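Working through the structure, step by step
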There are 2 protein chains.
Amino acid sequence: MYTIGQVSEWFHLPVSTLRYYDKEGLFPTMERQSGIRKFGERELEALRVIECLKQSGLEIKEIRQFMQWCVEGPSTYEARLMLFEARRRAVEDEMARLQKTLDMLRFKCWYYGVAVRDGNEDRLHELLPDRLPPEIQKFYDNAHAPDAAADREKAI
Amino acid sequence: MYTIGQVSEWFHLPVSTLRYYDKEGLFPTMERQSGIRKFGERELEALRVIECLKQSGLEIKEIRQFMQWCVEGPSTYEARLMLFEARRRAVEDEMARLQKTLDMLRFKCWYYGVAVRDGNEDRLHELLPDRLPPEIQKFYDNAHAPDAAADREKAI
DNA sequence: ATAACACCTAAACCTGACTTTATGTCAAGA
DNA sequence: TCTTGACATAAAGTCAGGTTTAGGTGTTAT
């Protein structure tokens, strides 16, 4: 059993944040000894899951819902599974979007690399948008392609 | 030259957001015809870059700085290059973090898949933390590994 | 000519996720 | 004893990134 200060150090989270999470109901079964929070293994794993769910784009109140399901027992396994599957899809989508972002950034790095060497953008403007070096063209194309969300919208 | 309404539709951005971006100085050279904004190719490319820089984690005021550099001309090529290179590194780091998140989510999906089938977590608790199926073990290990930031911190 | 739109501004408002402040309790060391 | 440090609470404050509201202009369709 650990104090809030120890947990704060291990997880690199301010004490105030841990108290805030507690107030928001993210540790529904945490114990206290004469008013003082006692973090156990359950709470440490909760923190790992909180980090993961936050990174996956979930809001605090939705994480509270998940923690509540954990308290309610086996009847909520299916809801929890569906939550994690939805999050997995969300993160996969997000990574695809980031890949597109990365292609734009790589294109811009190449572009300004040339601009710095040339001292102007004249040659670059002659190359755009479809006389680019092949290894750069694909960054440009991917970065300027309409995104998947727009495609889905049209498909409906 | 396009109106704010057209651009709003093409980019799936509320008109209010486009006006907000303008107020924040993200279109420093946008023209007006009797008070009405005229979006040209320059502004459309700006919007693509804004989307990219936002996704890469930049704040609005830093994007304004970039747009200002674009107005200032060739003397800022190097600054712009350095900005894009820093963003590329940031997005690469973010993708690594998301990969870890994804491994946690895959582990949890597997975990609750088993829990749903078994109706309990008994068998799962016997398998944890190191008697997991090999293809799952690697998700668990990666998801529970200390992150790169913590590693760097220790290395200093 | 009047209603419906699309545009405009300034300023107030909203949300989520913290953080800070003010105040207090309690145990250990000088 | 007294002060230092870690813990506690409630309530107010902060910040980014918009969104909404209130009030106005200008052009087009009926």
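Residues numbered from 1 in each chain as written. Chains lettered and ligands numbered in written order. Predicted model: local features only at pLDDT ≥ 70, side-chain atom pairs only at ≥ 80, totals over all residues. Heavy atoms only, no water.

**Observations regarding the overall build of chain A**
Note the following rule: To qualify as a helix, a DSSP run of H or I must reach at least 4 residues; to qualify as a strand, a run of E must reach at least 2; elements of each kind are numbered from the N terminus. We take the radius of gyration over the C-alpha atoms and set the globule estimate at 2.2 Å times the residue count to the 0.38 power. Under the scheme applied here, a residue whose accessible area is under 20% of the maximum for its type counts as buried, over 50% as exposed, and between as partly exposed, the area being computed with a 1.4 Å probe on protein chains only. The accessible surface values rely on the Shrake-Rupley method and a 1.4 Å probe; as for residues, cover is taken only from the protein chains in view. Counting rule applied: Lys, Arg positive; Asp, Glu negative; His and chain ends not counted. A charged residue contributes its charge at one atom only: NZ of Lys, CZ of Arg, CG of Asp or CD of Glu.
When you go through chain A residue by residue, the secondary structure sums to eight helices and two strands. Listed N to C, the secondary structure of chain A is α-α-β-β-α-α-α-α-α-α in terms of helices and strands. By the compact-globule yardstick of 15 Å for 156 residues, chain A is too spread out, its C-alpha radius of gyration being 24 Å. A principal-axis box enclosing the C-alpha atoms of chain A has dimensions of 75 × 40 × 20 Å. Residue burial in chain A is summarised as follows: out of 156 residues, 42% are buried. Of the roughly 8,900 Å² that chain A leaves accessible, carbon and sulfur atoms contribute 50%. For chain A, the distance from the average position of its 24 positive side-chain charges to the average position of its 27 negative side-chain charges is 4 Å.

**Focus: the interface of chain A and chain B**
A common measure of how large an interface is: the accessible area buried when the components associate. For clarity, the threshold we go by: Whether two residues are in contact is decided by their heavy atoms: any pair within 4.5 Å suffices. A simple way to read buried area is as the amount of 1.4 Å-probe accessible surface that goes missing from two parts once joined, with both sides added. The salt bridge criterion pairs a side-chain nitrogen of Lys or Arg with a carboxyl oxygen of Asp or Glu, the two atoms within 4 Å. Residues adjacent in sequence count toward polar contacts only when both atoms are side-chain atoms; beyond that, a polar contact is any pair of N or O atoms within 3.5 Å, and within protein one must be able to donate a hydrogen and the other to accept it.
On the side of chain B, 43 residues touch chain A, which itself brings 43 residues to the contact. Buried surface at the junction of chain A and chain B, both sides included, amounts to about 4,000 Å², of which 72% is carbon and sulfur. Sorting the residues of chain A by area buried against chain B places A:Q55, A:Y77 and A:Y112 first, and these three jointly supply 17% of that buried surface. Linking chain A with chain B are four salt bridges, by the criterion used here. Here B:R106 and A:E92 are joined by a salt bridge, their closest N and O atoms 3.2 Å apart. The interface formed by chain A and chain B contains twelve residue pairs in polar contact (both at pLDDT 80 or more). Elements with a contribution of two residues or more to the side of chain A that touches chain B: α3 (41–55), α4 (60–72), α5 (77–118) and α8 (148–155) of chain A.

**Brief notes about the domain arrangement of chain A**
Stated precisely, the cut-off is as follows: For the purposes of this description, domain bounds are those given by an automatic or database domain assignment.
Taken domain by domain, chain A consists of domain 1 (4–72) and domain 2 (95–155). Put simply, the middle of domain 1 of chain A and the middle of domain 2 of chain A, counted by C-alpha atoms, are 42 Å apart.

**With respect to the nonpolar core**
Using the following cut-off: Take the buried residues of types Ala, Val, Leu, Ile, Met, Phe, Trp, Tyr and Cys, join any two whose side-chain atoms come within 4.5 Å, and each joined set is a nonpolar core.
Among the nonpolar cores identified, the biggest contains 91 residues, and A:F66, B:F66 and B:W110 are the most heavily contacted of them. Every residue in contact with B:W110, bar those within four places of it in the chain, is listed here: B:L124, B:L127, B:L132, B:P133 and B:I136.

**Section: unusual backbone geometry**
Residues and elements named next belong to chain A. Note that the residue after L128, namely P129, is joined by a cis bond; omega there is -5 degrees. Among the secondary structure elements, P129 is positioned in the loop between α6 (122–127) and α7 (134–144). With a phi angle near 45 degrees, S34 is a residue other than glycine that sits in the positive phi range. With respect to the secondary-structure elements, S34 resides in the loop between β1 (31–33) and β2 (36–38). In this structure S34 comes out as exposed when scored by relative accessible area, which is 78%.

**Some words on the protein's contact with DNA strand C**
Applicable threshold: If even one non-hydrogen atom of a residue comes within 4 Å of a molecule or strand, that residue is called near it. Under the grouping applied here, Gly and all other residues not named as nonpolar or charged are polar, the nonpolar ones being Ala, Val, Leu, Ile, Met, Phe, Trp, Tyr, Cys and Pro and the charged ones Asp, Glu, Lys and Arg.
Near DNA strand C there are 17 residues, and of these A:T17, B:G5, B:R19, B:R32 and B:R37 occur at the shortest range. A share of 78% is what sugar and phosphate atoms reach among the atoms of DNA strand C within 4 Å of the protein. Contact between DNA strand C and A:I60: a phosphate oxygen at 3.2 Å from a main-chain N or O atom of the residue. Contact between DNA strand C and B:R32: a phosphate oxygen at 2.9 Å from a side-chain N or O atom of the residue. Looking at which element gives the most residues to the surface near DNA strand C, the answer is helix α2 (residues 15–23) of chain A, with four residues. Split by residue class, the surface near DNA strand C holds six nonpolar, five polar and six charged.

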